[in-house]
Amino acid sequence: LTVAVMNGGGAHDLSEEESKQDGAGDTDGGEDSNEQEVIVIQDTGFTVKIQAPGTEPFDLQVSPQEMVQEIHQVLMDREDTCHRTCFSLQLDGNVLDNFAELKSIEGLQEGSLLKVVEEPYTVREARIHVRHIRDLLKGLDPSDAYNGVDCNSLSFLSVFTDGDLGDSGKRKKKGSELEQIDCTPPEHILPGSKERPLLPLQPQNKEWKPMQCLKVLTMSGWNPPPGNRKMHGDLMYLYMVTVEERHISITASTRGFYLNQSTTYTFNPKPANPSFLSHSLVELLSQISPTFKKNFTVLQKKRVQRHPFERIATPFQVYSWTAPQVDHTMDCVRAEDAYTSRLGYEEHIPGQTRDWNEELQTTRELARKNLPERLLRERAIFKVHSDFAAAATRGSMAVIDGNVMAINPGEETRMQMFIWNNIFFSLGFDVRDHYRELGGDAAAHAAPTNDLNGVRAYGAVDVEGLYTLGTVVVDYRGYRVTAQSIIPGILEREQEQSVIYGSIDFGKTVVSHGKYLELLERTSRPLKVQRHNVLNEKDESMELCSSVECKGIIGNDGRHYILDLLRTFPPDLNFLPVEGEELSPESVRQGFPRQHRHRLACLRQELIEAFVEHRYLLFMKMAALQLMQQKANKESKLVTCYIDIHSTSLSSPDLSNPTLTCFHQDPKSREVVLNACKAVGSISNTSFDIRFNPDIFSPGVRFPEDSADDIQKQKQLLKDAGAFLVSCQIPSLVKDCLDHSALPMDGATLTEALHQRGINVRYLGNVLAFVDKTPAKAQLEHFYRIGISELITRCAKHIFKTYLQGVELSALSAAVSHFLNCFLSSFSDAVAHLPADELVSRRKNRKRRNRVPGGGDNTAWASLTPSELWKNIVSEAQSYYHFTLYCENADQVVEKYGLQKITLLREISIKVGIQILIKEYNFDSRHKPAFTEEDILNIFPVVKHVNPKASDAFHFFQSGQAKVQQGYLKEGCELINEALNLFNNVYGAMHVEICACLRLLARLNYIMGDHHEALSNQQKAVLMSERVLGIEHPNTIQEYMHLALYCFANGQLSTALKLLYRARYLMLMVCGEDHPEMALLDSNIGLVLHGVMEYDLSLRFLENALAINSKYHGPRSLKVALSHHLVARVYESKAEFRSALQQEKEGYTIYKNQVGEAHEKTKESSEYLKYLTQQAVALQRTMNEIYKNGSNASIMPLKFTAPSMASVLEQLNIINGIIFIPLSQKDLENLKAEVQRRQQLQESGKSVEDLTVDSPLELEDKIPMDVNVD
């Protein structure tokens, strides 16, 4: 996104933003004040003393911005005070207000003593206490992560690092570590292994062995206390069973917890003797149960030792597609949560459900003039969004599971709508033939995601005074649910009365409104939406600045809302055949236009941006060319204009509006601009300005006569954009894959690569066909394979969706396992297990009208066969992607396209939200199906929502990256640290962008020689990637590799190997062995093994890397030369000089041909060849001597050297693209010149690799290039 878009694109923002873009060192007013503010926010902390009952006072570092409540949180997490929840903090006997900021408290300063004072309980406080104790008892239990609740997710890093890396680095003696390493990898990790086990995905964590403190802790059946007991202060009753099998009944009273005399069948609330009255349950239980006391202490020690990133909640729920069989235990809190909408009654809002709409809109209205205000605003927006997404997800599941009453219960199931917890839910079906002309149910299914993209786009432009609805789209059990916040007052009135802008019937009747035009006009430029006129039913011309479906409604709160943004972006004509319209030749050659399922296919925002930028460059070139011609004709006064064009900013076409000023003095120059504008389709004649009319080709929309020319222009622009996608963007994606600047590893990263370039996934068949025709097809095999697997699993997903809709709840696991058997198992007559008879009611169900949405009751699903499913997949691929698959079953697919069943299983599970039991599946058995219904553990929702951004942090991050690219590492490092602080400020501790930030920071630490800091930051990056993206996400695999390098540099060799083996295992599962990235991984493994003198193993990995490099980079690439050299070094260590010479000669030849004899790399290689030859000759002499003289030969001692760690590390740095440069001022100048030279080369389209081999700064510019921030 361009900068202006992030900050609302208002004129006043722009000046400040531009000053901030110019790099951080400049002393612009705007920049300086910003940096000052940042410092104010972070530093100036102070220390207070805290005195809790029964513990020694301790010091706590606090900052003036914190609230008193945050100290509460710290105390509830600390090992010695974690069991307290109901207390106040007092300073000199005055109770501090929980929501006060520390700086506002009188008398609170460095060294003040805060006392923790126990307060009397209320029912609410007692519940919070019980929940907190339960959380402490479950502190190490991963079941919440498996079940996908409370934003818990899995992380396995600590299994491989034996706890926290920071400590182990200090503990181990570096010298002695070499002896005790066992380096042998498990069989399935070795190159060439065909086995792909699933169990190692979740290695057993010793720490998770449950330490039982209590057998049962639940609410008692005697709740709630009767009136006479309430008047004695009883709040509620608990029932417990200790590990020693003692059954006890406990009263929670205002004064604390005590034993009473009730039993299961008799109620006797009198205190027992002794009653052990305690203010906290932990104190009470520690007196009753010795095992509890012992285990609870150990448990809390372990809990506190875990890395905080293993425990902090993620902002959005991450689901795991595999889980072990977990024992189901009694858990009162979980049971209670399930029956109260906990998200509706959040703890911090007393006694009311949350008004989501009010919260979402109020946070948008917060002030945003300076940095602290913006941080506060963005943090509030982010928090509300993540809460809303969680509530909406939970509500959608409740709707489909049939636990919410419809607001129109009399209607047919598919037409029902729901309200739960102030959120409105509707199903993705074509209700009342609303979408009949656009493709019926298919259109109704696509509309919500289009609408969400619209909400995302308008949210990013962030215009003051224009409001969108909170929107979340949830796919669950085959249904698509849209969850929206509710406009105040909309439910009381008819839609016709409320809509004052836009159309409710796709353009038959249209209204407009001045205020809306004014607000939308401010989004017109950043979103490239053109103002245009349409005719209404009375043939009057109405002005709009959005598509007709976009409706404006003023809520009872007086806010201007826009909704139904499904056509924010213009239609994609390649998939929208229109009578009598001819597409441009590039599209036609590729077989467009094609019929799509629905008529809502639109271009992506990324494509619009790329297209406009492309056109802008074209515009500049044309203007410049014409001027050159004129200048040749007439030397004198036009020179000024020529220069003037070039001073207009090239980098950001959207910000600078390059009206070429001096042109207006001269009619000829004006003509130049006019011609250039016409040529590129600009809507203005005096400056470059491209916008789209989103209503073109919408059925039912009519345009006034007088705009016919304009409409023609717009149609042409749309055809050009479609052609641009096919003829520029798809080839550029393939080119990026060829030169490895794009490296998708699985379906998700492939989709991301497509989307970044504005290519919709419906073009996947085209992309694959294009790869098929590429001469270098062999070097794109990995890409092709991932594409095919994505295409197949998406087709399977489409089929699975309708398949599931007909399944009743009791047969769900049977149906899912049956589908997976048909999809993946080699067993050809997979038979479905229908649910056992005792559950099927004898009376045949009469057609009940008010069935719940997820309550299909037919057994049609059971008749699906593998051959039928694969037939459907093939025809789906043909009709949706226009791609021909040649296969009739899973085995043929695996055979023909080189896919792996485990990869297909992972892809389909993630796409449809299945969770399966983690065990070894036998897909290839011809005698029994691979899955049984016991193997399906859960079905999760797949959720799409808006991701609010931290704009200031992101600017700092980008300018930090830019600094690093220019070679200013230290300044870059400071900026990125700053970005990290701001990201934490907005997102909290866990977020994808923070992960990228930490990775880059670690890399910089490492390059600047601070290995320990690099290790600590990279460890955080790995943990965060596991938690936020998933334990086997391609990004996590990359993070593991980086961490291994830093571990090796810190002398932790065995850990480095374990991490590399983990990365290799994950990669084998995600995409198989045949992938360019595998070469890098294997080179790393081979080098580390070489370093620990495991020569034979090392060769296996290095030779595999050599083979993969030769395949994907071509046999003459410098990477291959380096691979040859690494292999030669191992042979040298084994004293097999002939093989070593042979390998090094290959490398030498490549260097000589590619960079010439004079280049230092060629020289180095030639030196090494000489050295090897000498060694070989010496060895031969010695052997001859032995043959000749037998045992009394005088033998010269030969030098067999184990490689030094330093030399191994040097090679590791080279292959990972890290080169250390001691930088002097002169070097810096050269560096900058070099970077500029490369950029020019890249622009002129030559391949950088061939030209700049290892200049002093080989690959330096790779440092920041590997940081992709979404």
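The following refers to the structure shown. Every value quoted in this text rests on a predicted model; they were computed, and no experiment measured them. (Residues numbered from 1 in each chain as written. Predicted model: local features only at pLDDT ≥ 70, side-chain atom pairs only at ≥ 80, totals over all residues. Heavy atoms only, no water.)

With that settled, the discussion passes to the overall build of the chain. What the chain contains, in helices and strands, is 45 helices and 23 strands. For the chain, the proportion of its 1270 residues judged to be buried stands at 56%. In the chain, of all internal contacts separated by at least 6 residues, the share reaching a separation of at least 24 is 70%. When the accessible surface of the chain is totalled, it reaches about 55200 Å², and 53% of it is carbon and sulfur. (Helix = DSSP H or I, 4+ residues; strand = E, 2+ residues; numbered from the N terminus. Buried < 20%, exposed > 50% of the residue type's maximum accessible area, 1.4 Å probe, protein only. Contact = heavy atoms within 4.5 Å. Areas by Shrake-Rupley, 256 points an atom, 1.4 Å probe, with all protein chains shown as cover.)

Burial analysis of strand β12 (residues 423-427) places 5 of its 5 residues in the buried class, the great majority of the element. Residues of β12 alternate between two faces, with Ile-423, Phe-425 and Leu-427 on one and Phe-424 and Ser-426 on the opposite face, all of them buried. Sheet topology places strand β11 (residues 417-420) next to β12; 4 bridges connect them, and they run antiparallel. Bridge pairing in β12 places Phe-418 opposite Phe-425. (Pairing = 2+ DSSP bridges.)

Strand-to-strand pairing in sheets goes through backbone hydrogen bonds, with the strands running parallel or antiparallel. One open sheet accounts for 4 strands, arranged β6-β7-β8-β9; its pairing is antiparallel. Unpaired on one side and paired on the other, β6 (214-219) and β9 (256-259) mark the two borders of the sheet. For this sheet, the mean angle separating the axes of adjacent strands, direction not counted, is 25°. When strand β8 (residues 247-253) meets β9, the two strands line up antiparallel, connected through 4 bridges. (Axes fitted to C-alpha atoms, helices over the stretch in contact; angles between N-to-C directions.)

A few words on the packing of helix α37 (residues 1076-1091) against helix α42 (residues 1205-1215). For the pair α37 and α42, interaxial distance at closest approach is 9 Å and the crossing angle is 175°. One element, α37, and the other, α42, form an angle in the roughly antiparallel class. In this structure, α37 contributes Leu-1080, Ser-1083, Asn-1084, Leu-1087, Val-1088 and Gly-1091 to the contact, and α42 contributes Met-1205, Val-1208, Gln-1211, Leu-1212 and Ile-1215. (Parallel < 35°, antiparallel > 145°, perpendicular 65-115°, else oblique.)

As paired elements, strand β10 (residues 322-323) and strand β21 (residues 914-917) share 2 bridges and run parallel to each other. Directly across from Thr-322, in β21, lies its bridge partner Ile-916. Pairing between β21 and strand β22 (residues 936-939): 3 bridges, direction antiparallel. Each residue of the ladder has a partner; that of Ile-916, found in β22, is Ile-936.

With antiparallel pairing, 5 strands are arranged side by side in an open sheet as β11-β12-β15-β14-β23. With partners counted over all chains shown, the strands left at the sheet margins are β11 and β23 (942-945), one partner each. Sheet twist, expressed as the mean angle between neighbouring strand axes with direction ignored, is 20°. Strand direction decides the pairing type here: strand β14 (residues 471-476) and β23, joined by 4 bridges, are antiparallel.

Our focus in this paragraph is the nonpolar core. By size, the foremost hydrophobic cluster in this structure holds 278 residues, and its most contacted members are Phe-823, Ile-873, Leu-885, Ile-916 and Phe-983. Per-element accounting of this core gives the leading share, 14 residues, to helix α36 (residues 1053-1071). When residues no more than four places from it in sequence are discounted, the contact partners of Leu-885 are Ile-788, Leu-791, Ile-792, Ile-873, Val-874, Ala-877 and Tyr-897. If you look at the next biggest cluster of nonpolar residues, it comprises 28 residues, including Ile-133, Leu-217, Ile-248 and Leu-259. (Core = buried A, V, L, I, M, F, W, Y, C linked by side-chain atoms within 4.5 Å.)

Before going further, it helps to examine helix α41 (residues 1160-1189). Since the α-helix advances by 3.6 residues per turn, residues separated by three or four positions end up pointing in the same direction. The end-to-end C-alpha distance of α41 is 43 Å, a good match for the 44 Å that 30 residues give at a rise of 1.5 Å each. Buried-residue contacts for α41 involve α39 (1118-1133) and α40 (1137-1155). Of the residues trailing α41, Gly-1190 is marked for its positive phi of about 65°. (Expected span 1.5 Å × (residues − 1).)

The next point concerns the environment of Thr-468. Here Thr-468 is to be found in the loop between β13 (466-467) and β14. As for Thr-468 and Val-455, which are separated by 13 residues in sequence, their C-alpha atoms are 6.3 Å apart. Sequence-distant contacts of Thr-468, defined by excluding residues within four places in its chain, comprise Gln-361, Val-455, Tyr-458, Ile-562 and Leu-565.

Tallying each qualifying case throughout the model produces 70 salt bridges. With a shortest N-O distance of 3.7 Å, Arg-306 and Glu-310 are connected by a salt bridge. Of the charged contacts, one joins Glu-543 and Arg-531 as a salt bridge, the two residues approaching to 2.8 Å between their closest N and O atoms. With Glu-543 in strand β18 (residues 541-544) and Arg-531 in the loop between α18 (514-527) and β17 (532-535), this residue pair connects regions lying 12 residues apart in the sequence. Arg-531 sits in the partly exposed class, given a relative accessible area of 32%. Residues joined by salt bridges that share partners form a network here, namely Asp-746, Glu-790, Arg-794, Arg-906, Glu-907, Lys-911 and Glu-1032. (Salt bridge = Lys/Arg side-chain N within 4 Å of Asp/Glu carboxyl O.)

What the rule picks out here adds up to 34 aromatic pairs. Taken together, a centroid distance of 5.9 Å and an interplanar angle of 80° make the contact between Phe-316 and Phe-382 edge-to-face. A residue pair is termed long-range when its members are at least 10 positions apart, and Phe-316 in the loop between α12 (308-311) and β10 and Phe-382 in helix α15 (residues 371-400) qualify at 66 residues. Accessibility expressed as a relative area gives 15% for Phe-316, which makes it buried. In this structure Phe-382 comes out as buried when scored by relative accessible area, which is 4%. Taken together, a centroid distance of 4.7 Å and an interplanar angle of 35° make the contact between Tyr-921 and Phe-931 tilted. (Phe/Tyr/Trp six-rings, centres within 6.5 Å; stacked < 30°, edge-to-face > 60°.)

Secondary-structure assignment places Asn-574 in the loop between β20 (560-563) and α19 (585-589). Exposure remark for Asn-574: the relative accessible area of 1% places this residue in the buried category. Polar contacts involving the side chain of Asn-574 include one to the main-chain carbonyl oxygen of Gly-722, which spans 3.2 Å. At a separation of 2.9 Å, a polar atom in the side chain of Asn-574 contacts the side chain of Tyr-763. Setting aside residues no more than four positions away along its own chain, Asn-574 makes contact with Leu-583, Ser-587, Phe-592, Pro-593, Arg-594, Gly-722, Val-726 and Tyr-763. (Polar contact = N/O pair within 3.5 Å; in protein donor to acceptor, adjacent residues only side chain to side chain.)

Let us now look at the environment of Tyr-1151. Mapping Tyr-1151 onto the fold places it in helix α40. Its relative accessible area of 7% is what places Tyr-1151 among the buried residues. A sequence separation of 14 residues divides Tyr-1151 from Ser-1165, and the C-alpha atoms of the two residues are 8.2 Å apart. Leave out the neighbours within four places in its chain, and Tyr-1151 touches Leu-1118, Ala-1121, Leu-1122, Gly-1156, Lys-1161, Thr-1162 and Ser-1165.

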